[in-house]
2 protein chains.
Amino acid sequence: MSDRARNPTIIDVARAAGVSKSVVSRVFTGQGSVGTRTRERVLAAAAELGYVVNATARAMVARRTYTVGVFVRDAATPFYGHVLTAMQERASHHGYRVVTATGSGRFELAEERHALETLVQLQVEGLVVCSGLLPASDVATFAARIPTVVAGRPETHADVTSVFCDEDAGGAGLADHVADLGHHRVAVIGLPPGRSLTMAPRTAAMARRLRERGVEVVEVAGGLVDEVPRLVPEIRAHPGVTAVMAPSDLHAVRLLEALAVAGVAAPGELSVTGYDGVGPLRTPLIGLTTWRQPVAEIGAHAVDAVVGLLDTDTVPPHHRSLAGELVVGRTAAPPRR
Amino acid sequence: MSDRARNPTIIDVARAAGVSKSVVSRVFTGQGSVGTRTRERVLAAAAELGYVVNATARAMVARRTYTVGVFVRDAATPFYGHVLTAMQERASHHGYRVVTATGSGRFELAEERHALETLVQLQVEGLVVCSGLLPASDVATFAARIPTVVAGRPETHADVTSVFCDEDAGGAGLADHVADLGHHRVAVIGLPPGRSLTMAPRTAAMARRLRERGVEVVEVAGGLVDEVPRLVPEIRAHPGVTAVMAPSDLHAVRLLEALAVAGVAAPGELSVTGYDGVGPLRTPLIGLTTWRQPVAEIGAHAVDAVVGLLDTDTVPPHHRSLAGELVVGRTAAPPRR
DNA sequence: TTGTAGGCGTTATCAC
DNA sequence: GTGATAACGCCTACAA
């Protein structure tokens with residue numbers, strides 16, 4: 001780094017104001033008492049010098065940082081973006097600041113681990129993990145020492161508190177809708193648990209409920225959103241399939257695009273459902289039939305939970321499941337014949 | 001906070017490994033030399049105790065944090081979400097971590113100032129400001145001491161480096177497209193500079209270019225996305241208007257929704273254009289005619305710029321303007337008659 | 001009300 | 001190769 005002017009410290013301010021550094025400290029912490037005139041002099045000197053409290057030094061002695069660390073898998077995704085915003089809002093409400101870490105976009109486990117450790121190094125007082133990838137065992141490593149909450153995925157690890165949308169109920173509810181529409185043969189784009197701890201259970205729930213309803217299920221192995229177009233021929237190869245259930249809105253939209261390219265009418269020939277119901281894709285212009293997750297509530301409750309863990313002695317880990325809601329759109333309709 | 005087990009320090013590790021704390025420090029910094037067997041003992045003891053480096057303590061003596069602070073206005077918005085992801089990626093490439101702050105969603109100036117100060121308190125080495133709201137004067141306050149880059153808005157303050165998409169060229173390019181389509185009377189939803197430092201210049205550029213092209217412009221005063229529906233009657237009140245240029249994709253989509261509700265065909269009766277071209281709204285399902293901003297590049301260059309400022313002695317502030325690109329969609333067509 | 005002194009966990013500079 | 005020791009900027013008794 002170039003040798004820029006060193007940041008002013010309380011000592012500089014003290015000297016400028018002609019007092020001792022303890023007085024300056026008291027002025028900025030609000031602890032202890034300072035004379036009115038003295039306080040003014042200190043404040044003036046601080047403003048003059050452009051003094052800003054050094055949070056790292058303060059953290060050392062206070063042994064507190066008033067900071068919660070939030071790890072989100074990918075801020076560019078509407079789901080995580082909204083959760084993040086809600087958390088930020090809620091944390092500042094509680095008087096905490098949030099520092100965020102994300103994987104660097106390549107979604108590798110090692111990177112996510114590293115990002116989480118970074119947060120711990122930063123001495124966050126609590127941790128919110130918001131990733132469908134990182135296994136509970138990794139999270140539990142830190143949970144023993146730092147209050148930790150897993151948000152947005154159905155985590156039931158005994159040592160870790162969690163807040164999530166009920167994926168079973170969501171998958172089943174959406175499946176019921178599709179069954180109600182009268183479909184008899186439905187493709188479900190499923191993901192292995194290793195790929196996504198959120199999408200795997202919800203697609204499993206979809207398939208399960210469909211079968212319970214007497215609907216024949218064609219399981220299609222999905223992956224990243226960009227791989228969706230490749231699935232079209234595979235789906236079309238199964239005669240009689242009149243609906244496709246995708247693991248997320250992003251997947252569903254990509255599927256609709258690919259179907260349009262392939263000249264397949266939706267929902268005419270093929271009904272399509274998504275999952276998430278958050279962000280711009282909720283637009284009626286697309287009219288996606290989906291399941292809405294209560295993102296804002298997930299974020300808010302997650303932060304409330306960590307803060308609760310912070311303030312209270314020994315709150316046992318608990319799991320909170322939030323209900324989502326069916327969004328009836330135009331992309332799923334009764335089968336043609 | 002409940003009295004949880006104190007985090008282990010190098011002293012604990014040193015004791016467990018039977019060495020002095022200096023040795024432990026060397027093991028974790030990689031500076032200086034340690035015997036192979038000693039190193040192993042230290043590593044084992046650290047793992048056993050669950051030792052994690054205390055970044056705040058390290059920052060104190062090293063006077064470095066290897067941290068860049070990023071302030072984004074609203075992570076829930078596709079534009080900021082993508083920029084954020086790009087920055088994160090780029091920063092980790094340079095060996096820096098990113099701490100993020102956002103306003104708490106209410107978009108008040110005081111909050112944004114506070115968030116920025118928080119970043120400074122955290123001793124970030126560089127600052128990236130990504131908000132269409134915060135005035136340059138506020139940014140300049142910190143820029144004097146901390147390398148600062150403004151990203152994503154056309155900032156030409158002499159003391160602050162900036163990276164942005166050329167709003168003039170973008171607005172003009174999009175306007176040219178609309179004029180080329182043959183529209184003679186066009187409504188532009190404009191925003192005052194006080195509301196958005198990005199949208200104001202781009203809509204101004206749209207109007208300017210339209211006029212240069214001999215197109216009659218109807219200026220409509222816009223605001224937040226949610227206020228867009230209220231604009232429909234106003235726009236319809238102007239006879240002969242065959243196209244509307246919105247300040248962002250979010251605005252445009254909301255407008256299209258409102259038009260659909262009002263039974264106005266788009267682009268049949270009214271063509272609509274957006275701006276940004278990022279995120280899920282790029283879907284061909286909507287086919288929005290818009291101007292694509294190079295978000296990833298903006299994020300990457302912004303981080304490169306701060307890091308450059310960090311590493312080099314005295315780089316003068318500079319402004320980098322990136323070109324966007326016209327996205328021809330289906331929501332803008334030649335006027336009917 | 002104000003000042004002094006000690007220490008938070010770490011790194012860096014010395015001796016050994 | 002290893003171990004003392006002095007900072008780093010701040011807070012907090014405690015003394016004045």
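Right above here is the structure, for reference.
Please read these numbers as outputs of a predicted model, since none were measured by experiment. (Residues numbered from 1 in each chain as written. Chains lettered and ligands numbered in written order. Predicted model: local features only at pLDDT ≥ 70, side-chain atom pairs only at ≥ 80, totals over all residues. Heavy atoms only, no water.)

Counting its regular elements, chain A contains twelve helices and twelve strands. Counting only C-alpha atoms and orienting by the principal axes, one finds that chain A spans roughly 90 × 40 × 35 Å. The proportion of buried residues among the 337 residues of chain A is 57%. Residue pairs at least 24 apart in sequence account for 70% of intrachain contacts in chain A once pairs closer than 6 positions are excluded. For chain A, the accessible area works out to roughly 13900 Å², and carbon and sulfur atoms hold 53% of it. Positive and negative charge centroids in chain A, built from 34 and 34 side chains respectively, lie 6 Å apart. (Helix = DSSP H or I, 4+ residues; strand = E, 2+ residues; numbered from the N terminus. Buried < 20%, exposed > 50% of the residue type's maximum accessible area, 1.4 Å probe, protein only. Contact = heavy atoms within 4.5 Å. Areas by Shrake-Rupley, 256 points an atom, 1.4 Å probe, with all protein chains shown as cover. Lys, Arg positive; Asp, Glu negative; His and termini not counted. Charge placed at Lys NZ, Arg CZ, Asp CG, Glu CD.)

Our focus in this paragraph is the protein's contact with DNA strand C. Residues in contact with DNA strand C amount to 26 residues; listed here are only the nearest, Ser22(A), Arg26(A), Thr38(A), Ile10(B) and Arg58(B). Sugar and phosphate atoms represent 58% of those atoms of DNA strand C found within 4 Å of the protein. Between DNA strand C and Arg26(A) there is a distance of 2.4 Å, counted from a base oxygen to a side-chain nitrogen or oxygen. Measuring from a base nitrogen of DNA strand C, one finds a backbone N or O atom of Ala57(B) at 3.4 Å. Contributions of two or more residues to the surface near DNA strand C are made by α2 (21-29) and α4 (55-62) of chain A together with α2 (21-29) and α4 (55-62) of chain B. Its residues assigned to classes, the surface near DNA strand C shows ten nonpolar, ten polar and six charged. (Near = heavy atom within 4 Å. Polar contact = N/O pair within 3.5 Å; in protein donor to acceptor, adjacent residues only side chain to side chain. Nonpolar A, V, L, I, M, F, W, Y, C, P; charged D, E, K, R; others polar.)

This part is about the interface of chain A and chain B. The interface of chain A with chain B comprises 66 residues on the first partner and 66 residues on the second. Between chain A and chain B we count zero salt bridges in total. Taken together, the connections running from chain A to chain B amount to twelve residue pairs in polar contact (both at pLDDT 80 or more). Those elements giving two or more residues to the side of chain A that touches chain B turn out to be α4, α5 (78-93), β2 (97-102), α6 (109-121), α11 (249-261) and α12 (295-311) of chain A. (Salt bridge = Lys/Arg side-chain N within 4 Å of Asp/Glu carboxyl O.)

In the vicinity of DNA strand D lie 27 residues, with Ile10(A), Arg58(A), Arg26(B), Ser33(B) and Thr38(B) positioned nearest. Between DNA strand D and Ala57(A) there is a distance of 3.4 Å, counted from a base nitrogen to a backbone nitrogen or oxygen. Contact distances for DNA strand D include 2.6 Å between a phosphate oxygen and a side-chain N or O atom of Thr38(B). Broken down by secondary-structure element, the contributors of at least two residues to the surface near DNA strand D are α2 and α4 of chain A together with α2 and α4 of chain B. Considering each element in turn, the surface near DNA strand D owes the most residues, five residues, to α2(A). Grouping the amino acids of the surface near DNA strand D by side-chain chemistry returns ten nonpolar, ten polar and seven charged.

Read these as geometric descriptors, not functional statements.
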